[in-house]
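# Per-entry structural report
Now for the letters of each chain:
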Amino acid sequence: MDARTEAKSHYEVIVIGAGVAGIYQIKRLVDLGIDATVLDSAGDLGGTWYWNRYPGCRFDSESYTYGFSFSRELLDEWHWKERFSSQPENLRYLNYVADKFDLRKHMQFNCQVEAMRFDPARDLWHVRTDDGRELSCRFVVLAIGLLSAPTMPRLEGIADFKGRSFHTYYWPREPVDLAGKKVAVIGTGATAIQLIGEIADKVDDLTVFQRRPNWSAPLNNSAISDAEMDDIRARYDQIFAACARTPGAFLHEPDPRGFYEVTREERVKLWDRLYDEPGFGIWLSNFREIFTDEAANAEFSDYIAERIRRRVNDPAIAEKLIPRDHGFGVQRLPLETRYFEAYNRDNVHLVDLGETPLVRVTETGLRTTARDFEFDIIVYATGFDAITGAYDRIDIEGRNGEKLADLWKDGPSTFLGMLVHGFPNLLMPTGPQSASASTNFPRGIENGVNWCTDLMLYARRRGATRVEATREAQARWTEHVAKMYEMMLLRKAKGWFTGYNSNVAGHEAGKVRHIVYNGGTPKFVSIINDVAARDYPEIAFSRGDIGDEPAAARASATS
Ligand code: NAP
């Protein structure tokens, strides 16, 4: 039995999405006794970790910095088995959390939200689902994920292929037998890099179709023993406090020294150490200048290029795997396990789409400008319409009839990444232009969910039925976010941090979309906490003439 059997049509809060953010949001609401439900299009909870089942899928955040921090009991009970835990284990964790806190009964699955409309006469959202229902609520919390709108190439013939094909996001739930198969992987982003390293020795033949190479560095994963886990448990407070101090909300802190204050030998010494360390240290414990200074970035990129050359036997292939159009770390860094070594295998081939672009999908495989290839399986590791994509896929209409997708056509504008003027009572704990969208996700999620929950409670205390960021505050925030891009080299890169996606009309290279906040977690948290501490002067609270609203809504607004 899921929550749908109650046949309720009104809640105080509807949370859309049962991933990491939705799970934490419903936990907070249930604890506060707020009438709420979670809707998710998936068959079960887990979000990212429900959908992405491709081989090799795992964290690149340290597992023990990824888990929820809100329950000491949970922290004490859960044993992370690997430093960077794999998808099946991560999904098991989220199910464990939901079951432990009895949250599943507040969740409704196989239920896609198609449209939402704000009713200004009653200060309610009307939410339409694909199973034909119309629900209403005072607040909607959009916990719809950051990378949850997968995109396919705009290629002819995708449906003509007679073998099996899927986007990595939709990797089948039942195991895919790869033995003896000829497999194509299109893309060389973080997903493909994990997948290729994992399946290279399991398939008969693997052909990687690479349009642009990506910088990548070793994950250096390892098991976590019982003794290590005991030690981690004893240090959880320190671990989360340390994450809160770093820009990325990871354990990796930038090197305090200036790039040019130390000698080249000292720089290389640091890089040699970081290359062999687990996780994002090579990216985030580096000198800050690699993100802002072209020359510093170029020197470090050359260092990594040399590392790639050392790992790939064929010098011509090695050169193809080294990015030329962007420096290290200005796109989201993929971490890899045996990725470069995969190209040393006889059964792994690299097709450079820069030289011979894809022309179409055929019944038997793929056609480039050079030749036809035959495959049993084609895997599209072609990425996501990042951050705003999931919002664009719901028809969201604000109080004046304006559509959110239209408002954000040229890029999002928000207040703190969590509210949108014209769309009252719509909360986005990890929305575009929030820091949560660019950092260790669960740490950002907890910050965002806590802030949104506090805002709902504040509105309740004031007896407000409508909560809306002012136009001016939104304009200021959006400008602040845009200014931060000007300081960062990432603004020049064709990565999802700039909203680039060649497969989505209007998202092609050329125009930077300011979709993430680049000021880092500590600064973001101090800004949002300050807004709350000053009683939200940038937000208008009002109590409308709510006429004949449902009795449940009247009760919850005044309780
Ligand atoms: P991505 O980084 O956007 O990479 C997509 C890849 O597909 C790129 O190599 C892209 O080439 C290629 N591509 C896209 N359209 C194409 C087309 N029409 N023809 C040929 N090639 C095409 O996507 P992703 O690898 O799925 O990763 C997205 C994000 O998910 C990551 O940055 C990360 O934040 C997250 N992620 C996290 C983990 C983890 O935590 N462990 C693992 C996987 C993913 P171009 O570069 O030329 O566009």
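Residues numbered from 1 in each chain as written. Predicted model: local features only at pLDDT ≥ 70, side-chain atom pairs only at ≥ 80, totals over all residues. Heavy atoms only, no water.

### With respect to the overall build of the protein chain
When helices and strands are tallied, the protein chain shows 19 helices and 20 strands. If you line up the protein chain on its principal axes, its C-alpha atoms span 75 × 60 × 50 Å. The proportion of buried residues among the 559 residues of the protein chain is 60%. Considering only contacts in the protein chain between residues 6 or more positions apart, those separated by 24 or more positions represent 72%. When the accessible area of the protein chain is evaluated, it comes to approximately 21800 Å², of which 49% is carbon and sulfur surface. Charged side chains of the protein chain number 69 positive and 81 negative; the gap between the two group centres comes to 2 Å. (Helix = DSSP H or I, 4+ residues; strand = E, 2+ residues; numbered from the N terminus. Buried < 20%, exposed > 50% of the residue type's maximum accessible area, 1.4 Å probe, protein only. Contact = heavy atoms within 4.5 Å. Areas by Shrake-Rupley, 256 points an atom, 1.4 Å probe, with all protein chains shown as cover. Lys, Arg positive; Asp, Glu negative; His and termini not counted. Charge placed at Lys NZ, Arg CZ, Asp CG, Glu CD.)

### Brief notes about the sheet that holds strand β15 (residues 372-374)
Pairing is antiparallel in the open sheet, where three strands are placed in the order β13-β14-β15. Edge positions in the sheet fall to β13 (358-361) and β15, since each has one partner strand and no second. The mean inter-strand angle of the sheet, taken between neighbouring strand axes irrespective of direction, is 20 degrees. (Pairing = 2+ DSSP bridges. Axes fitted to C-alpha atoms, helices over the stretch in contact; angles between N-to-C directions.)

### Thoughts on the pairing of strand β2 (residues 36-39)
Burial of β2 is two-sided: the residues Ala36 and Val38 facing one way and the residues Thr37 and Leu39 facing the other way are all buried. Pairing geometry for strand β1 (residues 10-16) and β2, over four bridges, is parallel. Each residue of the ladder has a partner; that of Val13, found in β2, is Ala36. In this fold, β1 hands off to helix α1 (residues 20-31), which returns the chain to β2; that crossover is right-handed. (Right-handed = clockwise from strand over helix to strand, strands pointing away.)

### Let's talk about helix α11 (residues 294-311)
Taking 1.5 Å of rise per residue, the 18 residues of α11 would be expected to cover 26 Å, and the 26 Å separating its terminal C-alpha atoms lies within 8% of that figure. Of the positions making up α11, those classed as buried are Ala296, Asn297, Glu299, Phe300, Ser301, Tyr303, Ile304, Ala305, Arg307, Ile308 and Arg311. Buried-residue contacts for α11 involve β10 (217-218), α9 (264-275), α10 (281-284), α12 (315-320), β11 (335-336) and α13 (339-342). Sitting at the amino-terminal end of α11 is Asp293, which places a side-chain oxygen 2.9 Å from the backbone nitrogen of Ala295. (Expected span 1.5 Å × (residues − 1). Polar contact = N/O pair within 3.5 Å; in protein donor to acceptor, adjacent residues only side chain to side chain.)

### Re the environment of Arg138
Within the secondary structure, Arg138 sits in strand β6 (residues 134-142). As a C-alpha pair, Arg138 and Thr465 span 327 residues in sequence and 7.3 Å in three-dimensional space.

### Notes on the packing of aromatic side chains
Note on aromatic pairs: each is described by the distance of the centres and the angle between the planes. Scanning all chains against the criterion turns up 46 aromatic pairs. Their ring planes at 5 degrees and their centres at 5.4 Å tell us that Tyr236 and Phe240 sit as a pair that is stacked. Within this pair, Tyr236 and its partner Phe240 are both found in helix α8 (residues 236-245), separated by four residues, close to a single helical turn. Tyr236 gets classed as buried once you look at its relative accessible area, which sits at 2%. A ring pair is formed by Trp477 and Tyr517, whose centres lie 5.1 Å apart and whose planes are at 15 degrees; its orientation type is stacked. With Trp477 in helix α17 (residues 471-487) and Tyr517 in the loop between α17 and α18 (521-533), the pair connects residues that are 40 residues apart, well separated along the chain. By the burial criterion, Trp477 is buried, and Tyr517 matches it. In textbook terms, an aromatic cluster arises when at least three aromatic residues are bridged by ring pairs, as seen for Tyr24, Trp49, Phe59, Tyr66, Phe68, Phe70, Trp78, Trp80, Tyr93, Tyr96 and Phe101. Sitting above the plane of the Tyr11 ring, Lys8 keeps its charged end 4.8 Å from the centroid. Over the ring of Tyr50 we find Arg53, and its NZ or CZ is 4.9 Å from the ring centre. (Phe/Tyr/Trp six-rings, centres within 6.5 Å; stacked < 30°, edge-to-face > 60°. Lys NZ or Arg CZ within 6 Å of the ring centre and 35° of its normal.)

### Quick word on the packing of α1 against helix α16 (residues 441-462)
Interaxial distance between α1 and α16 falls to 10 Å at its minimum, and their mutual angle equals 35 degrees. For the element pair α1 and α16, the recorded crossing hand is right-handed. Only Pro442, Ile445, Glu446, Val449, Asn450, Cys452, Thr453, Asp454 and Met456 of α16 make contact with α1, whose side of the interface consists of Val20, Ala21, Tyr24, Gln25, Arg28 and Leu29. Classifying every residue of the contact of α1 with α16 by side-chain character gives nine nonpolar, three polar and three charged. (Left-handed = near helix turned anticlockwise from the far one by under 90°. Nonpolar A, V, L, I, M, F, W, Y, C, P; charged D, E, K, R; others polar.)

### Concerning the confidence of the model for the protein chain
Here the protein chain averages 95 in pLDDT, while 96% of its residues score no lower than 70. The low-confidence segment residues 547-559 (pLDDT under 50) makes 23 contacts with residues lying over four places distant or belonging to another chain. (pLDDT = per-residue confidence, 0-100.)

### Topic: the pattern of salt bridges
Here the structure, examined in full by the defined rule, presents 47 salt bridges. We note a salt bridge from Lys202 to Asp201, for which the minimum N-O separation is 3.2 Å. Residue Lys202 is classed as partly exposed on the basis of its relative accessible area of 40%. Taking the relative accessible area as the measure of exposure, Asp201 reaches 46% and is therefore partly exposed. Salt-bridge contacts for Asp530 lead to Arg534; the nearest nitrogen and oxygen are separated by 2.9 Å. Under the relative-accessibility criterion, Asp530 is labelled partly exposed at 36%. Here Arg534 falls in the partly exposed class, since its relative accessible area comes to 39%. One salt-bridge network, in which partners are shared between bridges, spans Glu198, Asp201, Lys202 and Arg338. (Salt bridge = Lys/Arg side-chain N within 4 Å of Asp/Glu carboxyl O.)

### Some remarks on the site of the ligand
If you check the shell around the ligand, you find 25 residues, and the closest are Arg58, Thr188, Thr191, Arg211 and Trp496. Between an oxygen atom of the ligand and a side-chain N or O atom of Asp60, the distance comes to 2.9 Å. Contacts to the ligand include Gly189, whose backbone N or O atom sits 3.4 Å from an oxygen atom. Summarising the interface, the protein chains cover 87% of the accessible area of the ligand, which totals 900 Å² for the free molecule. (Near = heavy atom within 4 Å.)

### What to know about the environment of Glu77
Mapped onto the secondary structure, Glu77 falls in helix α4 (residues 72-77). By relative accessible area, Glu77 is classed as partly exposed at 35%. Sequence separation between Glu77 and Arg233 is 156 residues; the distance between their C-alpha atoms is 9.2 Å. Beyond its immediate sequence surroundings of up to four residues, Glu77 is in contact with Tyr96, Lys100 and Arg233.

### Overview of the state of the cysteines
What the rule picks out here adds up to zero disulfides. Of all cysteine sulfurs in the structure, the one in Cys111 sits closest to Cys137, which takes part in no disulfide; the separation is 12 Å. (Disulfide = S-S within 2.5 Å.)

### Considering the domain arrangement of the protein chain
How big an interface is tends to be stated in terms of accessible area lost as the parts join. In terms of domains, the protein chain is made up of domain 1 (3-149 + 386-558) and domain 2 (185-380). Each of domain 1 and domain 2 has a C-alpha centre, and the two are 29 Å apart. Across the contact, 43 residues belong to domain 1 and 50 residues belong to domain 2. For the pair domain 1 and domain 2, the two sides together bury roughly 3700 Å², of which 58% comes from carbon and sulfur. Among the residues domain 1 hides against domain 2, the three largest losses belong to Asp60, Tyr64 and Leu489. Together they make up 19% of the total. Along the contact surface separating domain 1 from domain 2 lie three salt bridges. Salt-bridge contacts for Arg332 lead to Asp60; the nearest nitrogen and oxygen are separated by 3.0 Å. (Domains from an automatic or database assignment. Buried area = accessible area lost by both parts, 1.4 Å probe.)

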